[in-house]
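Reading the structure
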2 protein chains.
Amino acid sequence: MSSLLEQLIESLRVLPGVGQKTAQRMAYHLLEREREGGKHLAGVLAEALDRIGHCRQCRDFTEGELCAVCASASRDRQQLCVVESPADRLAIEQATGYRGVYFVLQGRLSPLDGIGPRELGLDQLSARLGEGEITEMIIATNPTVEGEATAHYLAQLARQRGVKPSRLAHGVPLGGELEYVDRGTLSHAFGSRSEMAE
Amino acid sequence: MSSLLEQLIESLRVLPGVGQKTAQRMAYHLLEREREGGKHLAGVLAEALDRIGHCRQCRDFTEGELCAVCASASRDRQQLCVVESPADRLAIEQATGYRGVYFVLQGRLSPLDGIGPRELGLDQLSARLGEGEITEMIIATNPTVEGEATAHYLAQLARQRGVKPSRLAHGVPLGGELEYVDRGTLSHAFGSRSEMAE
């Protein structure tokens with residue numbers, strides 16, 4: 001095997017979920033059938049990693065000063081949705097009709113890993129809440145231990161600034177079967193039951 | 001979402017088995033945690049696609065005139081193993097102690113797709129068999145309909161040139177259970193049973 005091919009296979013393993021076998025398959029696929037697409041990928045990848053930084057306002061990824069959402073004139077600036085990652089923001093954007101703006105933590109509070117309020121840009125968030133435009137902060141961190149801790153911290157921050165904190169509903173997923181829902185979720189859903197409207 | 005990020009996600013879909021969701025995850029992973037590795041990948045990918053061509057002798061991928069196997073002085077030039085793809089060659093190289101040389105068809109006979117002897121470099125193979133150095137041609141095309149047809153064609157070619165053609169053994173895989181082996185394989189294995197030595 002040529003050493004450049006070995007290097008290519010090794011480099012492809014930087015992709016998430018790609019091991020030796022998959023990297024081999026990808027390298028051969030690109031060499032055999034997708035030379036043009038592969039060259040295009042190499043160019044876009046280099047440019048993207050070079051030019052994509054963080055939005056000055058919401059910390060999401062963007063190639064400019066502001067991301068498309070923050071720069072848009074048609075978004076509601078009274079609602080701010082806080083998410084852990086750009087992928088979470090994208091999921092909310094694709095699934096819901098939310099028209100407010102976002103704040104991307106790029107992580108969650110995790111003191112053991114050295115991730116505190118500073119690393120998540122919470123001073124920036126706090127200053128923004130203090131500006132008085134935002135009335136509701138929708139906290140959409142993940143329902144994990146660390147995500148919940150982050151949510152409580154954020155809620156406190158919001159109340160201090162006179163902003164109403166809210167949290168995504170937790171419970172049984174739509175289309176799920178009770179039998180297969182984990183105990184914690186079921187227990188929470190049971191405790192948080194709501195009266196049915198007539 | 002920034003348009004450069006969209007372009008990156010779109011470009012990643014050129015990789016085999018990578019759809020929209022996986023491409024998103026890869027793009028975010030590279031931007032969040034693997035900027036250096038990603039830049040390295042972009043560079044190696046561009047260089048590999050630019051410089052990797054085919055070995056003059058065996059048609060395998062290589063960045064030089066000859067691949068490492070063809071250039072090696074320690075390989076046995078009396079045995080020639082014919083495979084469909086570079087990945088097949090690599091699999092044989094990794095699994096067996098084979099010390100001969102290879103010929104990579106880069107495909108299989110498939111008249112309906114316009115792939116005939118010329119596209120597989122069979123004139124080149126034929127000339128090489130005619131040189132008289134090779135005594136055995138091990139045909140390792142896949143046990144598919146097209147692979148078998150190719151194998152028969154190759155065997156004929158070898159016989160015409162006075163070279164002994166051989167074929168990889170087919171049968172029940174080691175560690176497999178008869179119950180789960182497909183009918184065709186089982187029938188073949190039954191018919192090709194061999195006497196056990198004492």
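Residues numbered from 1 in each chain as written. Chains lettered and ligands numbered in written order. Predicted model: local features only at pLDDT ≥ 70, side-chain atom pairs only at ≥ 80, totals over all residues. Heavy atoms only, no water.

1. With respect to the pattern of salt bridges
Under the defined criterion, the tally for this structure stands at 16 salt bridges over all chains. For Arg-51 of chain A, the salt bridge goes to Glu-63 of chain A, with nearest N and O atoms at 3.1 Å. With Arg-51 of chain A in helix α3 (residues 35–51) and Glu-63 of chain A in the loop between β2 (61–62) and α4 (68–71), the pair connects residues that are twelve residues apart, well separated along the chain. Measuring nitrogen to oxygen at the nearest pair gives 2.9 Å for the salt bridge that ties Arg-56 of chain B to Glu-65 of chain B. Bridged by salt links that share partners, the residues Glu-47, Arg-51 and Glu-63 of chain A form one connected network. (Salt bridge = Lys/Arg side-chain N within 4 Å of Asp/Glu carboxyl O. Helix = DSSP H or I, 4+ residues; strand = E, 2+ residues; numbered from the N terminus.)

2. Side note on the UniProt feature "zinc finger region: C4-type" (unreviewed entry) in chain A
This chain's UniProt record puts "zinc finger region: C4-type" (unreviewed entry) on residues 55–70 of chain A. Across residues 55–70 of chain A, the secondary structure splits into 19% helix and 12% strand, with the terminal C-alpha atoms separated by 8 Å. (UniProt positions renumbered as here; feature names shortened; annotations may be inferred.)

3. A few points about the UniProt feature "domain: Toprim" (unreviewed entry) in chain A
Under the UniProt annotation, "domain: Toprim" (unreviewed entry) lies at residues 78–173 of chain A. With 36% helix and 20% strand, residues 78–173 of chain A has end C-alpha atoms that lie 29 Å from one another.

4. A few points about the packing of aromatic side chains
Remark: the centre distance and the inter-plane angle together describe each pair of aromatic rings, the angle taken between the planes. Summed over the entire model, instances satisfying the criterion amount to four aromatic pairs over all chains. On the basis of an interplanar angle of 20 degrees and a centroid distance of 6.1 Å, the ring pair of Tyr-28 of chain A and Phe-61 of chain B is categorised as stacked. With Tyr-28 of chain A in helix α2 (residues 20–33) and Phe-61 of chain B in strand β2 (residues 61–62), the pair connects residues from two separate chains. Accessibility assignment for this pair places Tyr-28 of chain A and Phe-61 of chain B in one class, buried. The residue whose ring lies beneath Arg-193 of chain A is Phe-190 of chain A, and the NZ or CZ to ring-centre distance is 5.3 Å. One residue, Arg-89 of chain B, lies across the ring of Tyr-102 of chain B, its end atom 5.3 Å from the ring centre. (Phe/Tyr/Trp six-rings, centres within 6.5 Å; stacked < 30°, edge-to-face > 60°. Buried < 20%, exposed > 50% of the residue type's maximum accessible area, 1.4 Å probe, protein only. Lys NZ or Arg CZ within 6 Å of the ring centre and 35° of its normal.)

5. Considerations on the sheet that holds strand β6 (residues 164–167) of chain B
All names here are of chain B. With parallel pairing, four strands are arranged side by side in an open sheet as β4-β3-β5-β6. Edge strands, defined here as strands with exactly one partner in the open sheet, are β4 (100–104) and β6. Across this sheet, the average inter-strand angle for adjacent strands is 25 degrees, counted without regard to direction. As paired strands, strand β3 (residues 76–83) and β4 are joined by five bridges and run parallel to one another. Residue pairing in the sheet places Leu-80 in a bridge with Val-101 of β4. Here helix α6 (residues 122–130) sits on the sheet and contacts β3, β4 and β5 (136–139); the angle it forms with β4, its principal contact strand, is near 155 degrees. Together, β3, β5 and β6 form the strand contacts of helix α7 (residues 145–160), whose direction differs from that of β6 by roughly 160 degrees. (Pairing = 2+ DSSP bridges. Axes fitted to C-alpha atoms, helices over the stretch in contact; angles between N-to-C directions. Contact = heavy atoms within 4.5 Å.)

6. Thoughts on α7 of chain B
All names here are of chain B. The first and last C-alpha atoms of α7 sit 23 Å apart over 16 residues, in line with the 22 Å expected at 1.5 Å per residue. Among all positions in α7, only Gly-147, Thr-150, Ala-151, Leu-154, Ala-155, Leu-157 and Ala-158 are buried. Viewed along the axis of α7, the buried residues span an arc of 160 degrees, placing them on a single side of the element. Exposed residues pointing more than 90 degrees away from the buried face of α7 are listed as Val-145, His-152, Arg-159 and Gln-160. Tucked into the core, α7 has its buried residues touching β3, α6, β5 and β6. Two residues or fewer past α7, Gly-162 is found with a positive phi of approximately 75 degrees. (Expected span 1.5 Å × (residues − 1). Arc of directions from axis to C-beta.)

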